[in-house]
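Spelled out from the first residue to the last, the chains are:
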Amino acid sequence: MKYIDEYRDERIAHGLAAEIRRVVTRPCVLMEICGGQTHTIMHYGLDELLPREVELVHGPGCPVCVTPLETIDKAIELAMRPDVTLVSYGDMLRVPGSSSDLFRAKANGSDVRVVYSPLEALKIARSNPNRKVIFLAIGFETTAPANATAVWQAHREGLSNFYMLASHVLVPPAIRLLLRSSDNRVQGFIAPGHVCTVMGCQQYEELVSEFQVPIVVGGFEPVDLLEAILMLVRQLEQEHAKLENQYVRSVTRLGNVPAQEMLEKVFEVADQKWRGIGLIPLSGLRLRPEFSEHDAERVFGMAEIHVEEPAECISALVLKGLKKPTVCSAFATRCTPESPLGAPMVSAEGACAAYYRYRRHKALA
Amino acid sequence: MCLAIPGKVLEISESKGLRTGRVNFGGIVSHTCLDYVPGVEVGDYVIVHVGFAISKVDRAEAERTYQALESMGLLQDELPAAMTEDLEKSP
């Protein structure tokens, strides 16, 4: 496929790795934020191409993983109501709440359906006027505009049986939390290319100047990531802290303005709990009061619940880049993708799941 | 989850007040909302996430970057020779 195959070119990838080896003189810890990037790194073994000075740690950027246990529990509770059709992205069905998951709810007779796009959720609501169609909408800034359009469109069409149970997370507050933490090890970030496609680079300029940390906006193919790593290594070697954009074929400084305007119309910034991390102030998006008739939490009067996460799970340390998944005592034994204890094992894009899939044999050897 | 892939716009129409396109992803054609990329025309490449185009691929930038990368990839072929030379120079 055009604009994909070229960026998987092995020759170029090896050329970039050779250049990184040539440039690097001192140890550095770099973090890719996005779970999609983590997946590419592990899938293609990019970490193994890098010189030993460059350590990659993996950030909290998997929205499936960081969706709070409480939200999953609420979705299951709603799905069990006889007049409700619960709709979500495929990745969400296997995510365990505190005692069950949506897949099991479906097996037990609940009407749970998978959609690829929020517009399909609208279609289900249109063709089932007697059902209450609740869309469990999750995502970072990449997905939030599509989710916003679904609410906007439902409002415009007077589709009164469409509701949203939302768990949206924002990247910059999470980076800020990591950088403010006294035990932070990360010296440079690969910012998520598709989040920046929507939001633009500007938000990251603020982080660079506030913390004097190099940030490179990176794409998702092997060549993209190796080039982003090279750009970060060059900055660190020259003791620079700049914002650079590797993913120029998609990301501009201002980002996608129509998408940002839709976000602004439908959502407002709010405090948000992240599974594995806890509450991060002003790191989420909730529906504005104008759309309260589509807000599942308000309409269905969901009580606030609080669920404790398993004590053995070290996901908070993994998500902050302080520990590698393989050092966890539960890794690949009491915690597997089939039966995850915590956030990063939950979805294929979580760091623990990626290590389980691509490095398990090595880790256990 | 933030997976988004490039596809070529084949046709543009309107559906329920939303600008919609038929987009070809390496042979698979899918309906895509084009509301967030108002300037896109038939023949353009867009990057699509959960059924929404979130950007138009900047062809000039893509080609320029790729050419720069390719020249770096070719350097690698010359690398062993360069390294041998260095080794010979060192005492």
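If you're wondering where the values come from, they're calculated on a predicted model, not measured in any experiment. (Residues numbered from 1 in each chain as written. Chains lettered and ligands numbered in written order. Predicted model: local features only at pLDDT ≥ 70, side-chain atom pairs only at ≥ 80, totals over all residues.)

1. Let's talk about the interface of chain A and chain B
- Tallying the contact residues gives 47 residues for chain A and 36 residues for chain B.
- Put simply, the parts of the chain that give the side of chain A that touches chain B at least two residues each are helix 1 (10-23), helix 2 (35-43), helix 4 (63-66), helix 7 (118-127), helix 8 (144-157), helix 10 (193-199), helix 12 (222-237) and helix 13 (257-266) of chain A.
- Within the side of chain A that touches chain B, the residues separate by chemical class into 23 nonpolar, 14 polar and 10 charged. (Contact = placed C-beta atoms within 7 Å. Helix = DSSP H or I, 4+ residues; strand = E, 2+ residues; numbered from the N terminus. Nonpolar A, V, L, I, M, F, W, Y, C, P; charged D, E, K, R; others polar.)

2. Considerations on the packing of helix 1 of chain A against helix 12 of chain A
All names here are of chain A.
- Contact geometry of helix 1 with helix 12 gives a least axis separation of 9 Å together with a crossing angle of 15 degrees. Judged on the interaxial angle alone, helix 12 and helix 1 are roughly parallel. Considering how the two elements wind past one another, helix 1 and helix 12 form a crossing that is left-handed. Along its contact with helix 1, which presents Ile12, Ala13, Leu16, Ala17, Glu19, Ile20 and Val23, the element helix 12 presents Pro222, Val223, Leu226, Glu227, Ile229, Leu230, Val233, Arg234 and Glu237.
- Broken down by class, the residue content of the contact of helix 1 with helix 12 amounts to 12 nonpolar, no polar and four charged. (Axes fitted to C-alpha atoms, helices over the stretch in contact; angles between N-to-C directions. Parallel < 35°, antiparallel > 145°, perpendicular 65-115°, else oblique. Left-handed = near helix turned anticlockwise from the far one by under 90°.)

3. Details of the environment of Asp111(A)
Residue and element names in this part refer to chain A.
- Relative to the assigned elements, Asp111 resides in strand 4 (residues 111-115).
- The class for Asp111 is partly exposed, based on 19 C-beta atoms found within 10 Å.
- When residues no more than four places from it in sequence are discounted, the contact partners of Asp111 are Val84, Thr85 and Leu86. (Buried ≥ 20, exposed ≤ 12 C-beta atoms within 10 Å, placed from the backbone.)

4. Things to note about the pairing of strand 3 (residues 28-33) of chain B
Residues and elements named next belong to chain B.
- Two elements, strand 2 (residues 18-25) and strand 3, share six bridges in a ladder whose sense is antiparallel. Note on strand 3: the bridge partner recorded for Phe25 is Ile28.
- A loop of two residues connects strand 2 with strand 3, the two strands running antiparallel in sequence, and Gly26 in this loop sits at a positive phi of about 50 degrees. (Pairing = 2+ DSSP bridges.)

5. With respect to helix 7 of chain A
- Of the residues making up helix 7 of chain A, those classed as buried are Pro118(A), Leu119(A), Ala121(A), Leu122(A) and Ala125(A). Viewed along the axis of helix 7 of chain A, the buried residues span an arc of 150 degrees, placing them on a single side of the element.
- Buried residues along helix 7 of chain A sit against strand 3 (84-89), strand 4, strand 5 (132-139), helix 8 and strand 6 (162-169) of chain A together with strand 3 of chain B. (Arc of directions from axis to C-beta.)

6. Considerations on the sheet that holds strand 4 of chain A
Residues and elements named next belong to chain A.
- Taken in spatial order, the six strands of this open sheet run 4-3-5-6-11-10, and their pairing is mixed. Two strands lie at the open edges of the sheet, namely strand 4 and strand 10 (267-274), each paired on one side alone. Each strand of the sheet is rotated relative to its neighbour by a mean of 25 degrees, with strand direction disregarded.
- Looking at chain direction, strand 5 and strand 6 are connected through seven bridges and run parallel. If you follow Val133 over to strand 6, its bridge partner there is Phe162.

7. What about the domain arrangement of chain A?
Residue and element names in this part refer to chain A.
- Partitioning chain A into structural domains gives domain 1 (1-308) and domain 2 (315-364).
- Centre-to-centre, using C-alpha coordinates, domain 1 lies 19 Å away from domain 2.
- Taken together, the contact between domain 1 and domain 2 spans 26 residues of the former and 20 residues of the latter.
- The set of elements that each furnish at least two residues to the side of domain 1 that touches domain 2 consists of helix 2, strand 2 (54-61) and helix 4. (Domains from an automatic or database assignment.)

8. Notes on the environment of Lys2(A)
- By the secondary structure assignment, Lys2(A) is in the segment before helix 1.
- Apart from the residues lying within four places of it in its own chain, the contact partners of Lys2(A) are Pro6(B) and Tyr45(B).

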